[in-house]
Amino acid sequence: MGVLSRTLKPNFLGLLKFLNNMNWFIVFFSLINLSVCIYEDQIGKFDWRQSYVGRIKFSQFDTVSTAKKIIVATEENVLAALNLKTGQVVWRHVFETASAGNIQLLHVGEKVTTVTGSNPYLVRGWNSATGVLMWEWSLTLQNAQQTDYSEWLVQNNMLVHMLPVFGSHLEVTMYNLLTGSNRGATSRLSAAWSNDGCILTGPYYTCVSGDMGSQLLLSLDVTANAIQFISKPLSNYINLQQSIGGNLRPLDSSVVPGFIVDDKKVILIKEGSFVMVGKELVDETASVAVIDGGSEQIMLQTWADDVKGFQLSAYSISSNSEVTEIHCSDPTMNIPEPEFKAVMCTRKAKEQFACRILVNGADDAVHLMQQGGRVLWTREEALANVVTAEFVDLPVSDTDAAIESEFDQKEGSVWSAFSRRLHSQYTQLQNLIRNLQGQSTQEDSTNALVRDYFNLHKIIVLITEAGKIFGMDNLSGEILWRRYEPGLDAEAVVLYTRRSARHPPHDAYVTVVGKHEETGNGYIISLNPITGNLVGEQTIKLDVRILQCALLHTPDSEKLHALVLLDEDETVQVFPISATSLVENLYMYVAEKESGKVQGYALKYNGASVEAQRTWSVRLGGAGGAQVAAVASRSRLERVRSPGRALADRSVLYKYSNPNLVLFVLDTPDPTHKEVVTAVVLDGASGALLGASQHRRARALPLAVHADNCFAYLYRSEKHRRLEIATMELYEGQERWLEPGAAFSSFASDRAPAVERQAYILPAGATAAAVTITERSLTDRHVLLGLTTGAVIEMPWAYLEARRGLTGGDEALLPYTPELPLHAEATLNYNRTIERVMGVFTAPAGLESTSLVLVTGLDLFYTRVAPSKTFDLLKDDFDYYLITIVLAALIVATYSTKYFASRKMLKLAWK
Amino acid sequence: MKYFCLIFVCLFKNLVCLDYDGWLNIKLEHNINCKNEKFCSRGNISLKSIRAGTAIISQISFTKDHIDELKEIADLDGLYSVRSLVTSADSKETEFLSSVKAKLFLENRLSDVISSWILPNGEVIAVTFQVNNLSQNQSLQYHKGEYPINSNFYVRHVDLAPVPDTASYIQKLDREREAREKGDLKDNRSFLAKYWMYIVPIAIFVMISGVTNPEPAPQASR
């Protein structure tokens, strides 16, 4: 009742009206899904999560426990167990990102042992079945400078730490694995022959030492009580005339200590002597593993051949023969630079070999294979490091395209249009009949990738740090296509949708603009996002570095938006060249990250080519220089919904809706206030500053968002030791500057907007920020914050509003509270923790209420959000039957009562 | 003491939040009617005190040549650029660049707005030129063969951003708690204003029941 009294004007008439409408409200409430969070049975209905571990560093099969697993330790400082049958993560531990979490050693015995960190080291034991921590002890080494060369080894329940001092000696210390107690002091083995080319394999420390031409191959068992020293001239094994000699490489997986000399010969250490394997390496880059295949030892090799594709060969060391069962040569399989991570082979009596081979590629994909190269499962670990992502619309179905093309054709007489109409209706009728006969199934399977009615089904194009590009179905999370680009340095990569799939005869077109791995010059890849094939310009390697890139706002005759690149030497390139004449009124800005200098360029077509003129330049950090921490500009999908907002006194406060606004957040060192954060809002076209503010004793986070006239950025307040979020809103005031409908121009205005500012405390650590985008921006705007706790929370803009602190009784504004509430039900990913949230990407759906969200990090999480609730969608479990029955019953009741009433009247009249 | 602090803060807020005061000199150079060089002098702005913000602007007047060249640029919808070189007490020359549409500059009878943005430590981060979109149809003021430039110069300060205001919020909470401890807030609304939401439904209920159960109509006498 209290709610009613607030929403309704307290007059009698209004209340009567309300009661009159009450039954409509009952219907209305039943239609709208009023819940804030989801129900238990809706888990996984609109969202999915994929867990990744990162590029594999060490791995070992867990053969002890009953459920077969692979224990992996990764470059992302993750320790995980993967199911051997499915490849799914059984358990996972995510360590610190910094060097404190670096995994130095993984040993799988009865328990899993890891050594992590870098002085101090942590030695931990884990239960391999459950992943529970069993023991832990720390280890701090005395001389800290040389610890980088530390080598670790587990032998006979002892942890061996070896620290070589090159050219002098080796320091070997043994610890009890469980307790960390030290058996005696550190033993010093004199090794004047050691150098930085030495390797540790098994218990042997092997070096090539000596003068050129007469090198010796030396091996020392570092764990033996009595010194066991093997020394042989290197010329016994390789021809020193033909090679430089002395390059040692350890075997990737081996049951016996062994190494590769000069990428050619494999030498094993057996019973205190070197034994050379009878077969050389087939390819210099081949990865080699020596396994215990029942009674004999088998050497496996794998490499990628340019022509023959993936190659796997096996060679029995004891019988000097090839093992053909394991051999594989598959030109269709594409594993760049394959590398053995773990190999296990068993031989049951005289039956065939049963092998499990874990192969890692340069594209971070990990494959588990059988003998013969059959892949059991593949994990795309590149997805643990997504750099950027973009949602791409799917094309319309063939029938819809036919209808659209029918209306597209403007020319032709009335009769031809009529015949087209008849023809298309005939085909529609045919389709309908076919559908009724149930023959549409095979058509569906081939044409599954078509746009749905609400445009909720899209393709996510993901670019990963490894240079692998993925196309992913957003509803299922299934990878539709993948493409490995070894030359792409994905550090600063931009992804543009240059043509959506809305123009039927033309395919969708996305372009990746990045740097080339080796040269740092521009590298451009053009793809069809639906199929993953190269289209149009294919791949272009520029011979110059790119300063800035942009899409042309006007499409050419093929509906393709041209790509405009500004080079290092301020020349402009346009792709395709035919669109050069379309460049008009294009402005770009270039910010120098290290100095805070921002420059603006005006691009113009002068009849022959496009030239860039430097038009403005500012130094946002002052003369002293500053670091640009974050830049936020408007999303290309963003629209402005209303020119102003109504105030309590029924006047309108007009927004300053300049589409060219850019927010720069800078970190500046300051002599008096240690460090200050400067936030500057400027017009990207004219270079005019519109608002600026400064925070003292604060450090900026690389998180800033901008939508419409609102800005938000995060910084760490060093004074209060907390995270704060500052917001800015720009307003024109109570009067409109321009006539309604007049086009805004950055150059034709000398007025400064009013800047409203506010700051709030965020009681959590944030690592990612984004704003929701909807089709027409009619729905509320929410800020999505990825937190260090693994949650992604939805923060309505009403909480962040810069005008919130104002007094004056504006009922539309919440009263000011310094701390932002983090409600548990505002967490998008409920209990599905996302480890290391890196980015949040949003895209509009066809439904106005809904925005699609992809969260990247170590895990991928996709969901959809409805900031103003799903006002345009029936709720999930809407009871169609009930409402139909009720409606039918009502109609029947109406007519029957009408009939009875008329009969009654007739009877009354006869009385 | 508290009040004193408050007054002091108020005063300080009204003042410009500058750590140090100093002088400022801005040399203006533009890109029209320069013989061979890219930029040539347009004038000079000097401030004795940044805090006071009063500037002495001395600029050249445009001649016929200037106007002709400006018109040429305007025909191509080009930009008129001004380079400003800023010197202050504790920094050496810093260069800024800003441009306006030549067409609008002409239409506005050579009047522009120059704003100089200054950090609290006295450093200049930007000098920007803007023109208004009020296209006045009056022709340029012709004054002894010269066209004077009308420039308005503003010093804009980068303000200190607000910090989350915990102190006053806690005070507010304290006040509310005290009020609650003292006893409930006196509700001085009238009886009807307070309890209308209970009275009205009852009244309606009575009314509706009155309507649905009408008095049996008196038998029509025939």
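Residues numbered from 1 in each chain as written. Chains lettered and ligands numbered in written order. Predicted model: local features only at pLDDT ≥ 70, side-chain atom pairs only at ≥ 80, totals over all residues. Heavy atoms only, no water.

Within an unreviewed UniProt entry, the label attached to chain B reads ER membrane protein complex subunit 10, and the organism entered is Bicyclus anynana. In UniProt, chain B has this text filed under Sequence similarities (unreviewed entry): "Belongs to the EMC10 family." As recorded by UniProt, the Subcellular location (unreviewed entry) comment attached to chain B reads in full: "Endoplasmic reticulum membrane". (UniProt positions renumbered as here; feature names shortened; annotations may be inferred.)

Chain A is annotated in an unreviewed UniProt entry as ER membrane protein complex subunit 1 of Bicyclus anynana. According to UniProt, the comment filed for chain A under the heading Subcellular location (unreviewed entry) is "Endoplasmic reticulum membrane".

Student: Got a minute to help me understand the pattern of salt bridges in this structure?
Tutor: Residue and element names in this part refer to chain A. One pass over the structure, following the stated rule, counts 37 salt bridges over all chains. Here Lys279 ties to Glu322 by a salt bridge, and the two come within 3.1 Å at their closest N and O atoms. Placement of the pair is Lys279 in the loop between strand E22 (273-276) and strand E23 (287-293) and Glu322 in strand E26 (residues 321-322), with a sequence separation of 43 residues. The partly exposed category is assigned to Glu322, whose relative accessible area is 41%. Across the salt bridge formed by Glu638 and Arg781, the nearest N and O atoms sit 2.9 Å from each other. Placement of Glu638 in the loop between strand E46 (627-633) and strand E47 (644-646) and of Arg781 in the loop between strand E56 (766-771) and strand E57 (782-787) is noted, with a sequence separation of 143 residues between them. Overall, Glu638 belongs to the buried group, its relative accessible area being 6%. The network of salt bridges with shared partners includes Arg55, Glu339, Lys341 and Asp364. (Salt bridge = Lys/Arg side-chain N within 4 Å of Asp/Glu carboxyl O. Helix = DSSP H or I, 4+ residues; strand = E, 2+ residues; numbered from the N terminus. Buried < 20%, exposed > 50% of the residue type's maximum accessible area, 1.4 Å probe, protein only.)

Student: Could you clarify how one ought to interpret the confidence of the model for chain A in this entry?
Tutor: Low pLDDT marks stretches whose predicted atomic positions should not be read closely. Residues and elements named next belong to chain A. Across chain A, pLDDT averages 85, with 92% of residues at or above 70. Across chain A, helix H8 (residues 880-910) holds the top mean pLDDT of 95, while helix H1 (residues 2-7) sits lowest at 40. Below pLDDT 50 for its whole length, residues 1-10 participates in eight contacts with residues either more than four positions away or in separate chains. Residue range residues 442-446 is modelled with pLDDT below 50. Its contacts to residues more than four positions away, or to other chains, number one contact. (pLDDT = per-residue confidence, 0-100. Contact = heavy atoms within 4.5 Å.)

Student: Sorry, what's going on with the side chain of Gln758(A) here?
Tutor: Here Gln758(A) lies in strand E55 (residues 754-762). Setting aside its immediate chain neighbours within four residues, Gln758(A) contacts Ile725(A), Ala726(A), Thr727(A), Glu801(A), Ala802(A), Gly805(A), Tyr816(A) and Pro162(B).

Student: Whenever I open this one, the packing of aromatic side chains confuses me. Can you help?
Tutor: For any two aromatic rings, the description comes down to two numbers: the centre-to-centre distance and the angle of the planes. All names here are of chain A. Taken as a whole, this structure holds 24 aromatic pairs over all chains when the rule is applied. Residues Tyr587 and Phe747 carry aromatic rings whose centres are separated by 5.4 Å and whose planes lie at 45° to one another, so their mutual orientation is tilted. Of the two residues, Tyr587 sits in strand E43 (residues 586-591) while Phe747 sits in the loop between strand E54 (722-733) and E55, which places them 160 residues apart along the sequence. On the basis of relative accessible area, Tyr587 is assigned to the partly exposed category, the value being 23%. For Phe747, a relative accessible area of 7% gives the class buried. Through successive ring pairs, a cluster of aromatic residues spans Trp48, Phe391 and Tyr862. (Phe/Tyr/Trp six-rings, centres within 6.5 Å; stacked < 30°, edge-to-face > 60°.)

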